[in-house]
Structures are given as C-alpha cells and as structure tokens.
Amino acid sequence: MAEPLSPPRLLPSGDSAITVEFSRTIDDAANRRVLALDRVIAAEPIAGITETVPTYRSLLVHYDPVQITFDALGEQLLARAAKAPPTEGGTRRWRIPITYGGEHGIDLEDVAKALQTTPDEIVARHAAGDYRVAMIGFTPGWSYLSGLDKFLHLPRRKEPRLVTPAGTVSIGGIQTGVQCLAGPSGWHLLGRTPVRTYQLHRDPTFLLEPGDAVSFTAVDAKTFAEQDRAAEAGEFIAELVAP
Amino acid sequence: MSKLVVTSIGPASSVQDGGRPGSQRYGLTPSGAMDRLSLAAANTLVGNEPFAAAVEIGPFGATFTARGGAVRVGLAGASRNAEIGGRPVAFDSSATLADGETLNLGFARGGSFSYLAIEHGIEGEPMFGSLAVNARAGLGSPYPRPLQSGDELKTKAASGAAERRIELPAATDAPIRIVFGPQGDEFTAENKQLFLNSEWKISATSDRMGYRLEGAVIKHRDGHNIVSDGTVNGSIQVPGNGQPIVLMPDRGTSGGYPKIATVITADLGRFAQTSAGRPFRFKAVTMAEAQAEAIKFHALLHSLPDRLRGIDDFGLNIEALRDANVAGQAVSAVDVSTWQVALP
C-alpha cells in the first residue's frame, strides 16, 4: 500500500509554461494528484508562477521566465508533487437540478436506443451518479465531471453540433459535463440545468471549483423555467449541501 | 468629451489590451492583442500604459472621425497608407485629428494587424480587469463584439503634446522559432523533421482563436485523440488531418489534440502578423535559448519609452512614401489618391 507515487513528467509548453503530467489517460487517481499539487502551490506559492490550470491528468503551470527558469521551477514542482497528499480536503458538494429529455435533452431517446434501454433508465442512472469536477475548460464554466456510470459510456457523435444550448448537461465517451454558454459540442445532450456555472456580475462569478463534488436532481420543465428566471436574476439555484 | 467614431471598418477588428489572464482554470480565455509589441508601441506613442486598450485593426481598411474635440492617436503594427484630411501620416508615430477630421487607413501591408491607440485610453467597463473583446464569451467593452461602423470610442480631449515617432527593431523574415513539446513524443523523429523542413502557409480561414497551417501532413505516432490538457498562446496542435493549428489569444483554455511544439514568446507577435498565404518556416531552439529570447523581449517592451523621438520638421515620411511606391507608379507626397493600395 505504501508504494511511493511515481513522479510526474515535466513537459515544456513553450518558454513560459510547464505541463506537469501525472497520467496520459483519464484516471481519477491522477486527477486527485493534479488537484493536490494545485492546492499545495496555492498554499506555498513559488515566485514566478503566474497562474495554474488543472486538467484531468496534468497541471499547466504558467510562469514568468524573467523570474524563474524552466529547470529551477521544474525542480520545485517535483518537490511539491512528492509531498502533495492526494487526499480529499474539505470537498464542497453541490446539488444541481436538471430537466431531462424533451426539448432540453434532444438526444435522450437516441442514447436510450443506442444503449438498448429506456429513457427512464438513462435518467435514473445519470441522476444517481456521484460526480466530481475533474476540470473546467474550453469555454467559461464548462465543467467536466468524472464518475459517469460505465453503462452510460458512449462514443461522441460523429458530427459535432455547431450550437448547443446554454446549461446543457451531456455525456461523451466516459465523461459527463455541464456547459454554461451556448456553443459547439460533439456530446449527447441529455438535459439542461438552470444553474449558471459562470455569471459575469455575480459573486462568485464562477460557481464550481475543480475538485468539487456534484450530484444531480431531476426536475420537471416547469420547475426548470421558474429556476431559470431566478438564475438569470443572479440566484445560485445550485444547492451547497456540504460542507 | 472627445470621441473617435468608427466610420468604416473591416472584419477582425476589435478593442484589445493585455488580456485577462488569471481565470483559465475556469475556462476563461485570456484574449488580448495578437501582437503585444505593436500594441505597446502604439500606446507608448501617446503616453499610455503599454497594455492599455487600443483598436486592433484587421487586414482591411478603416476610417475614424473625431467628434466633440480633437483626438490624438498612435499607430503601430502592420503599416498602411494613412492620412488625416489629406495629410499623410506615418506608422510608428502619433498624429492628432482635429474635431471633425477623419483618419483614413488603407489595407495592411506586410502584416495583418495594426494598432490604433488613443491618448488617455478608451473608456469602458473592465471585465476581469480587461476591455479586450472575446465575442464567444460575450466579453469586452465598450462593445462585447468586433467593431462596426457607427461605434463610438469615448476618450478625453487631446493634450496637444508634440507628436512622436518610435524607433523599433527592423522587421525580420527569419523563421518562427519553436520549442518542441508538450507532446513532442507523440510524433516520430521523421515527422518532427518534416515539420521543421516544410514550408508553411497560414490558411485564410484563420482567426483570433487559431491559425490553420497549410503544408505537409504531420502524422501522429498513435492516433490523434489525447485527453484534453491546458493550452498556451502559440501551442501548435495537430488534429487528425495532420494540418497543424497554432493557438492564438482567443484559444480554448484546454484542447484534446497532441501539441507537437510551441511558438516562443518573443516570436508570437511576429507570427501573428504573418499574412495568409505567405510562405514561412519554423526553427527549433532549446529551452535556454527560448528563455533568453523571452527575457530580451521583456527588456524590449520596457525600453519603448526610451525609443520615442521627435517627428521631423517637414512631416514628410520617406519610408511611407517608399512603401507606397513599391509598385513603381508615380506617387505624390501630398496627393493621397496617387498612393497604391496593396490588395491582399
């Protein structure tokens, strides 16, 4: 059990960023190490680091080469990674409403057909999931969640859509996600949430943090419409259930 | 209150500044100027902070009219024929529009983006500390979208300060320098060599999000799908068709294609200025060289105020005339209508 953790790989991303890679695949243990290193750097800053960007399997560290070299920073990052415990620390848990199917989740029926089951079964399995925000990226607030039921793993669409609605909750491959803004997507659209994971003039502007736990509650379209109006006015709608 | 009214403008023109880094962990694209040195030069000409908001003007022509008072501007980046009320204006210098006067800018020559800085800056409401336009995310001020004719850029009245020009390092056609990585090992040595030995052109479908490259087909060692990871300005990702895309300031904060290499910081602006269709090459440098160049580039940005000079008494800009005369036609210093416009 006490096997030492293998050190991450340091990959140069140009002269002003290092990709600290813990795994080449989607791997929950690697993602926990990414988030642990991110927390350690936040707690014990390294002069010259300008920004850190956690993703599934790596931490992208932006830095100022006027202040620190690739080699010097790499050494410090490896030292921090070696002592960063990949444990849960005060994980926040959110409950997020979704309305599944119909006009809000136009792929629900097709997903059920592809997986040879009923739409109700798809909804039940998706809503029962215990998810974690593995990363946020692509566009503001687009939250990639790990923890999708294996039964729901499904390759992405062959033809991505150029526009998918704001608030869409979708599945793609072994992942599920909540997008905030309307935009292109190759994933299967299961439903929509009224929650704005990003809202410009709200405090906080970004609701979810990488590492947060997320569970979903199915709501009907009428509730969605009411909550959507409240969310537009600045309410979180998402419920913080822990800590 | 003075303002500069956009009276005509082409696509790919927007208000940009140093951008809004700091929230990439939430998917927030930094945006900001494509050519930071030219932005800083334009701002320095009119006494602004180097990364204050200015107008980034795409390859086509544009006209601006001063209203409510005089407006002083600084011009840098890709040079163009420029005149105010029939008076020629040189690039890399400042000029003042009297109330009601119009600045006429022709097509960009030898580059893609020009920067028009306004003395005292552009009034707007910063979002995450920046006025930079990111149309996809609905961010930017005074307009969260590219500029259109009729738009107004509010500012304070011109100071009446003496006009200035700025001496910048001579332009170079040297190869664009890269460092391999972060996913250099997803490509064989032969394909990395092919990447370096090939002549590339930027596709006309490129934009502020990414420059698509046309040239050799770069093959991956095993497949083109990697798990998404973080991106930087200058990330060179290779999708399934083998035609690389260089990520620019409006890039997504994460991407799922292998990134063979990264353009070095010192060459990002020069790369952004490469016109569509013009052949160019890449050259690999070591991390130590890239970081030494980044430090030199940083020093150059800080040296800009020391590079200001007075404008020659005659106001006659030999370089602008020579540029205008490249087609060999007769060019009059005082008759702008005789200036050749280089069509892209």
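Reading the values: rules and limits
- Residues numbered from 1 in each chain as written.
- Chains lettered and ligands numbered in written order.
- Predicted model: local features only at pLDDT ≥ 70, side-chain atom pairs only at ≥ 80, totals over all residues.
- Helix = DSSP H or I, 4+ residues; strand = E, 2+ residues; numbered from the N terminus.
- Contact = placed C-beta atoms within 7 Å.
- Expected span 1.5 Å × (residues − 1).
- Buried ≥ 20, exposed ≤ 12 C-beta atoms within 10 Å, placed from the backbone.
- Arc of directions from axis to C-beta.
- Nonpolar A, V, L, I, M, F, W, Y, C, P; charged D, E, K, R; others polar.
- Pairing = 2+ DSSP bridges.
- Core = buried A, V, L, I, M, F, W, Y, C linked by C-beta atoms within 7 Å.
- Axes fitted to C-alpha atoms, helices over the stretch in contact; angles between N-to-C directions.
- Domains from an automatic or database assignment.
- pLDDT = per-residue confidence, 0-100.

**Thoughts on the overall build of chain B**
Right, so step 1: A count of helices and strands for chain B gives 5 helices and 22 strands.
Right, so step 2: Pairs at least 24 apart in sequence give 75% of the contacts found in chain B among residues at least 6 apart.

**Some words on helix H4 (residues 287–303) of chain B**
Each turn of an α-helix holds 3.6 residues, which means side chains three or four residues apart point in the same direction.
Right, so step 1: With 17 residues, H4 of chain B should reach 24 Å at 1.5 Å per residue; the first-to-last C-alpha distance of 24 Å fits that figure.
Right, so step 2: Among the residues of H4 of chain B, Ala290, Gln291, Ala294 and Phe297 of chain B are the ones counted as buried. The buried side chains of H4 of chain B occupy one side of the element, clustering within an arc of 115 degrees when seen end-on. Turned more than 90 degrees away from the buried face of H4 of chain B, the exposed residues are Lys296, Ala299, His302 and Ser303 of chain B.
Right, so step 3: Lining the buried residues of H4 of chain B we find helix H2 (70–83) of chain A together with strand E13 (176–180) of chain B.

**Some thoughts on the interface of chain A and chain B**
Right, so step 1: Counting residues at the interface gives 37 residues for chain A and 33 residues for chain B.
Right, so step 2: Residue assignment for the side of chain A that touches chain B shows that the elements contributing at least two residues are strand E1 (9–12), strand E2 (17–21), strand E3 (49–54), strand E4 (58–63) and strand E6 (131–136) of chain A.
Right, so step 3: Looking at the side of chain A that touches chain B, the element that brings in the most residues is E3 of chain A, giving 5 residues.
Right, so step 4: By residue class, the composition of the side of chain A that touches chain B is 21 nonpolar, 13 polar and 3 charged.

**Some remarks on the sheet that holds strand E4 (residues 62–67) of chain B**
Right, so step 1: The strand order E7-E6-E9-E4-E1-E11 (chain B) describes an open sheet built from 6 strands, whose pairing is antiparallel. Unpaired on one side and paired on the other, strand E7 (87–88) and strand E11 (152–155) of chain B mark the two borders of the sheet.

**Observations concerning unusual backbone geometry**
Right, so step 1: The omega torsion of the bond from Asp203 of chain A to Pro204 of chain A falls at 0 degrees, within 30 degrees of zero and hence cis.
Right, so step 2: Along the chain, the position of Pro204 of chain A falls in the loop between strand E12 (188–192) and strand E13 (213–218).
Right, so step 3: Residue Pro142 of chain B follows Ser141 of chain B across a cis peptide bond; omega there is 5 degrees.
Right, so step 4: Following the sequence through the fold, Pro142 of chain B ends up in the loop between strand E10 (109–118) and E11.
Right, so step 5: Of note in this structure, Gln116 of chain A is not a glycine but carries a positive phi near 55 degrees.
Right, so step 6: Mapping Gln116 of chain A onto the fold places it in the loop between helix H3 (108–114) and helix H4 (119–127).
Right, so step 7: Of note, Phe138 of chain A is a non-glycine position whose phi angle comes to about 80 degrees, a positive value.
Right, so step 8: Here Phe138 of chain A falls in the buried class, since 25 other C-beta atoms lie within 10 Å of it.

**Structural notes on the nonpolar core**
Right, so step 1: Residues Ala42, Ala54, Val73 and Ala117 of chain B are the most contacted members of the largest nonpolar core, which totals 120 residues.
Right, so step 2: With 6 residues, the top contributor of residues to this core is helix H1 (residues 36–45) of chain B.
Right, so step 3: Apart from the residues within four sequence positions on either side, Ala117 of chain B is in contact with Ala42, Asn43, Leu45, Val46, Asn48, Ala52, Ala54, Val73 and Gly74 of chain B.
Right, so step 4: If you look at the next biggest cluster of nonpolar residues, it comprises 24 residues, including Ala36, Val53, Leu60 and Ala84 of chain A.

**Things to note about the sheet that holds E4 of chain A**
Residues and elements named next belong to chain A.
Right, so step 1: Strand order in the open sheet formed by 4 strands is E1-E2-E4-E3, and the pairing between neighbours is antiparallel. Either end of the sheet is taken by a strand with one partner, and the two such strands are E1 and E3. Mean inter-strand twist for the sheet, computed between neighbouring axes without regard to direction, equals 20 degrees.
Right, so step 2: The sheet contact formed by E3 and E4 spans 5 bridges and is antiparallel. Residue pairing for E4: Pro54 is matched across the bridge by Leu59.
Right, so step 3: Contacts from helix H1 (residues 28–43) reach E2, E3 and E4, with the element oriented near 155 degrees to E3.

**Re the domain arrangement of chain B**
Quite often, the size of an interface is put as the accessible area lost when its parts meet.
Residue and element names in this part refer to chain B.
Right, so step 1: With domains assigned, chain B is organised as domain 1 (2–168 + 312–338) and domain 2 (176–300).
Right, so step 2: Placing a centre on the C-alpha atoms of domain 1 and another on those of domain 2 gives a separation of 28 Å.
Right, so step 3: The interface of domain 1 with domain 2 comprises 18 residues on the first partner and 13 residues on the second.
Right, so step 4: Counting only elements with at least two residues in the side of domain 1 that touches domain 2, the list comes to H1 and E10.
Right, so step 5: Residue composition of the side of domain 1 that touches domain 2, grouped by class: 6 nonpolar, 10 polar and 2 charged.

**Re the domain arrangement of chain A**
All names here are of chain A.
Right, so step 1: Each assigned domain of chain A is listed here: domain 1 (9–83) and domain 2 (93–242).
Right, so step 2: Relative to domain 2, the C-alpha centre of domain 1 lies at a distance of 29 Å.
Right, so step 3: Contacts between the two partners involve 7 residues from domain 1, matched on the other side by 7 residues from domain 2.
Right, so step 4: Per element, the largest residue contribution to the side of domain 1 that touches domain 2 is 3 residues, and it comes from H1.

**Side note on H1 of chain B**
Right, so step 1: Counted residue by residue, H1 of chain B has 10 buried out of 10 residues, so it is predominantly covered.
Right, so step 2: All of the buried residues along H1 of chain B are Arg36, Leu37, Ser38, Leu39, Ala40, Ala41, Ala42, Asn43, Thr44 and Leu45 of chain B.

**Quick notes on the confidence of the model for chain B**
Right, so step 1: Of the residues in chain B, 90% reach a pLDDT of 70 or more, and the chain-wide mean stands at 91.
Right, so step 2: Under the prediction, the complex receives an ipTM of 0.91, its pTM being 0.90.

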